[in-house]
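# What the coordinates show
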Amino acid sequence: LQGRARFGSELERALREFPPDALLVDAATASEGVDAEVPALWLVADGDEALRALESGARGTLPRDEEPAPLVLALRAVVQGLTVLTPQLLDEVRRA
């Protein structure tokens, strides 16, 4: 973990000062998409949030209550250019 920032100018400044390999975004606090050249993994509550995250450019989504080990694996996957979406969230996105 390199840093923590809110959206807007605070996020833009943090991305310049501490360029990360990936972003971890909580959909509950995201008022806007992440306009960055950095892959983003969003933590979501349901298929609607997952769909909004993917439409905003997320490389993947996981349930907000995911355990640490799968979260680390998912972050590594998005850094490698892979898309991460659990089967449950995929089904919810299809219904959204």
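These remarks concern the structure in this document. (Residues numbered from 1 in each chain as written. Predicted model: local features only at pLDDT ≥ 70, side-chain atom pairs only at ≥ 80, totals over all residues. Heavy atoms only, no water.)

### Details of the sheet that holds strand 2 (residues 40-44)
Put simply, the test is: A pair of strands is treated as paired once DSSP finds two or more bridges between them. Runs of E in the DSSP output that reach at least two residues are strands. Runs of H or I that reach at least four are helices, and both are numbered from the N terminus.
Read from one edge to the other, the open sheet built from four strands follows the order 1-2-3-4, with strand pairing classed as parallel. Two strands lie at the open edges of the sheet, namely strand 1 (23-26) and strand 4 (84-85), each paired on one side alone.

### Focus: helix 3 (residues 68-79)
Given 3.6 residues per turn, any residue in an α-helix points the same way as the ones three and four places further on. As a reminder, the rule being used: For a helix, the expected span equals 1.5 Å multiplied by the residue count minus one. Only protein chains enter the area calculation, which uses a 1.4 Å probe; residues under 20% of their type maximum are buried, those over 50% are exposed, and those in between are partly exposed. The arc in question is the one spanned by the directions pointing from the helix axis to the C-beta atoms. The contact definition used throughout considers only heavy atoms, calling two residues in contact when any of these lie within 4.5 Å.
Along its twelve residues, helix 3 runs 17 Å from first to last C-alpha, staying within 8% of the 16 Å computed at 1.5 Å per residue. Within the span of helix 3, buried status applies to Leu71, Ala74, Ala77 and Val78. The buried residues of helix 3 all sit within an arc of 120° when viewed along its axis, so they share a single face. Structural note: helix 3 exposes Pro68, Ala69, Leu73 and Arg76 on the side pointing more than 90 degrees away from its buried face. The inward-facing, buried residues of helix 3 abut strand 1, strand 2, strand 3 (60-63) and strand 4.

### Quick look at the side chain of threonine 86
Locating threonine 86 in the fold gives a position in the loop between strand 4 and helix 4 (87-95). The class of threonine 86 is buried, set by a relative accessible area of 17%.

### Some words on the nonpolar core
How we decide: Only buried Ala, Val, Leu, Ile, Met, Phe, Trp, Tyr and Cys residues count toward a nonpolar core, and they belong to the same one when joined by side-chain atoms within 4.5 Å.
If you look at the biggest cluster of nonpolar residues, it comprises 15 residues, and the most contacted ones within it are Leu23, Val25, Trp42 and Val44. Contributing elements (two or more residues each) for this core: helix 1 (9-17), strand 1, strand 2, helix 2 (47-55) and helix 4. Membership of the second largest hydrophobic core comes to eight residues, among which are Leu43, Ala74, Val78 and Val84.

### Focus: the pattern of salt bridges
Oppositely charged side chains can form a pair if their charged atoms are brought close together. Condition: A pair is scored as a salt bridge if a Lys or Arg side-chain nitrogen falls within 4 Å of a carboxyl oxygen belonging to Asp or Glu.
Applying the stated criterion to the full structure yields three salt bridges. Two residues, arginine 64 and aspartate 26, come together in a salt bridge whose shortest N-O distance is 2.9 Å. One end of the pair, arginine 64, is in the loop between strand 3 and helix 3; the other, aspartate 26, is in strand 1, with 38 residues separating them in the sequence. According to the relative accessible area criterion, arginine 64 is partly exposed, its value standing at 31%. Here glutamate 49 ties to arginine 64 by a salt bridge, and the two come within 3.0 Å at their closest N and O atoms. Within this pair, whereas glutamate 49 is found in helix 2, its partner arginine 64 is found in the loop between strand 3 and helix 3, the two being separated by 15 residues in sequence. The structure contains a network of salt bridges with shared partners spanning Asp26, Glu49 and Arg64.

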